[in-house]
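For reference, the chains in residue letters:
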Amino acid sequence: MLQVVCIKQVPDTETRVKVAAGGRSLDPAGVTLIMNPYDEFALEQALRVKEQVGAGEVVVVSLGGAGVQTTLRTALATGADRAIHLKTDVSAPDALAVAKAIADAIRPLDPGIVWLGKQAVDDDGAQVGPMLATLLERPCVSVVAKFELTGTTVKLEREIEGGREIVEVPLPAVLTTDKGLNEPRYASLKGIMAAKKKPIEERAVDLGAPHLERLSFELPPARAAGRIVGEGVGAIPELLRVLREEARVL
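Residues numbered from 1 in each chain as written. Predicted model: local features only at pLDDT ≥ 70, side-chain atom pairs only at ≥ 80, totals over all residues. Heavy atoms only, no water.

Asker: Would you mind showing me how to read the overall build of the chain here?
Answerer: Regarding its fold elements, the chain presents six helices and 13 strands. Viewed in the frame of its principal axes, the chain has a C-alpha envelope of about 70 × 45 × 40 Å. Counting the 250 residues in the chain, one finds 40% classified as buried. A fraction of 70% describes how many contacts in the chain between residues 6 or more apart in sequence connect residues 24 or more apart. (Helix = DSSP H or I, 4+ residues; strand = E, 2+ residues; numbered from the N terminus. Buried < 20%, exposed > 50% of the residue type's maximum accessible area, 1.4 Å probe, protein only. Contact = heavy atoms within 4.5 Å.)

Asker: What am I meant to see in the nonpolar core here?
Answerer: As a rule of thumb, nonpolar side chains are buried together in soluble globular proteins. If you look at the biggest cluster of nonpolar residues, it comprises 33 residues, and the most contacted ones within it are V5, L43, V60, W115, F147, L156 and L175. Elements that contribute at least two residues to this core include exactly α1 (37-53), β6 (57-64), α2 (68-78), β8 (113-117), β9 (140-150), β10 (153-160), β11 (163-170) and β12 (173-177). Contact partners of L43, with chain neighbours within four places excluded, come to V5, M35, V58, V60, A75, T78 and A80. Residues I84, A101, A105 and V114 belong to the second largest nonpolar core, which totals 22 residues. (Core = buried A, V, L, I, M, F, W, Y, C linked by side-chain atoms within 4.5 Å.)

Asker: Looking at this structure, I do not really get the environment of F147. What am I missing?
Answerer: Here F147 shows up in strand β9. Separated by 30 residues in the primary sequence, F147 and T177 place their C-alpha atoms 9.6 Å from one another. Aside from chain neighbours lying at most four places away, what touches F147 is Q45, V49, I113, W115, V154, K155, L156, L175 and L181.

Asker: What exactly am I supposed to notice about the sheet that holds β11 here?
Answerer: Within a beta sheet, neighbouring strands are joined by backbone hydrogen bonds and run either parallel or antiparallel to one another. An order of β11-β10-β9-β12-β8-β1-β6-β7-β13 is seen for the nine strands of this open sheet, with the pairing classed as mixed. Two strands in the sheet have a free side with no partner beyond their single neighbour: β11 and β13 (200-204). Mean inter-strand twist for the sheet, computed between neighbouring axes without regard to direction, equals 30°. Across six bridges, β6 lies against strand β7 (residues 82-87) in parallel orientation. Pairing of V60 across the sheet is with A83, part of β7. Against the sheet, helix α3 (residues 95-106) contacts β1 (2-6), β6, β7, β8 and β13, and its axis sits at roughly 135° relative to β7. Relative to the sheet, helix α4 (residues 128-136) contacts β1, β8, β9 and β12, its axis offset from that of β8 by approximately 160°. (Pairing = 2+ DSSP bridges. Axes fitted to C-alpha atoms, helices over the stretch in contact; angles between N-to-C directions.)

Asker: Would you take a moment to explain the pattern of salt bridges for this structure?
Answerer: Pairing between side chains becomes possible if they bear opposite charge and their charged atoms approach one another. Tallied over the full model, the rule gives 19 salt bridges. In this structure, D110 engages R138 in a salt bridge whose closest nitrogen and oxygen atoms are separated by 2.7 Å. Of the two residues, D110 is situated in the loop between α3 and β8 and R138 in the loop between α4 and β9; the sequence distance between them amounts to 28 residues. A residue is classified by how much of its surface remains accessible, and R138, at 15% relative accessible area, is buried. Sharing partners across several salt bridges, the network here consists of R227, E238, R241, E245 and E246. (Salt bridge = Lys/Arg side-chain N within 4 Å of Asp/Glu carboxyl O.)

So, in structure tokens, the structure goes:
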């Protein structure tokens, strides 16, 4: 079974971002880029399925500029068989444009499972997976926290408010993964060396007119300094007054 894993290169969550001049984008200077953490669970599960089945191929796909190949090489070093780089210089394309480009690229591959992280940590959109499933006309299960493959059917548990939902769907399908589904493996030295020989196919893509326009970015306001309203039990009345009249949380 051929599986496709869609990965995105995102800023490291430890990076302190800045708004670029003009206020319509983020300043890329000094930003460390990594594989989207939720996509790591998707890649790991695809590799486990391949190991369970004992055959097949794991193809990783990513869209972006030249720097994306670093993240693709990481995926190849971890165990993916080959990669497809959808090249575009458009910064921060909207979710629908991304889903259409990926759908066009992977439709001829007819993958048994298409994997994505449940969301990207840079925009938290959680849209590409369901959009991609719609374009491919396949069932979609999002926020997968447990996976079990039996023949051509998968039994899944997904996070919902107040608990978990158990879902069973036939393959082919599109699945988006949640944190905790598995423990992603690290690339070994052997895998890193082997990745240098694995192919990355480059395809230029035209995303067309954007469906979404970002008008401005701004950082959240600085938090106000805290203050001490008193000491001991004698401070309780003043604390309650502040919470009720100033903070208005009571």
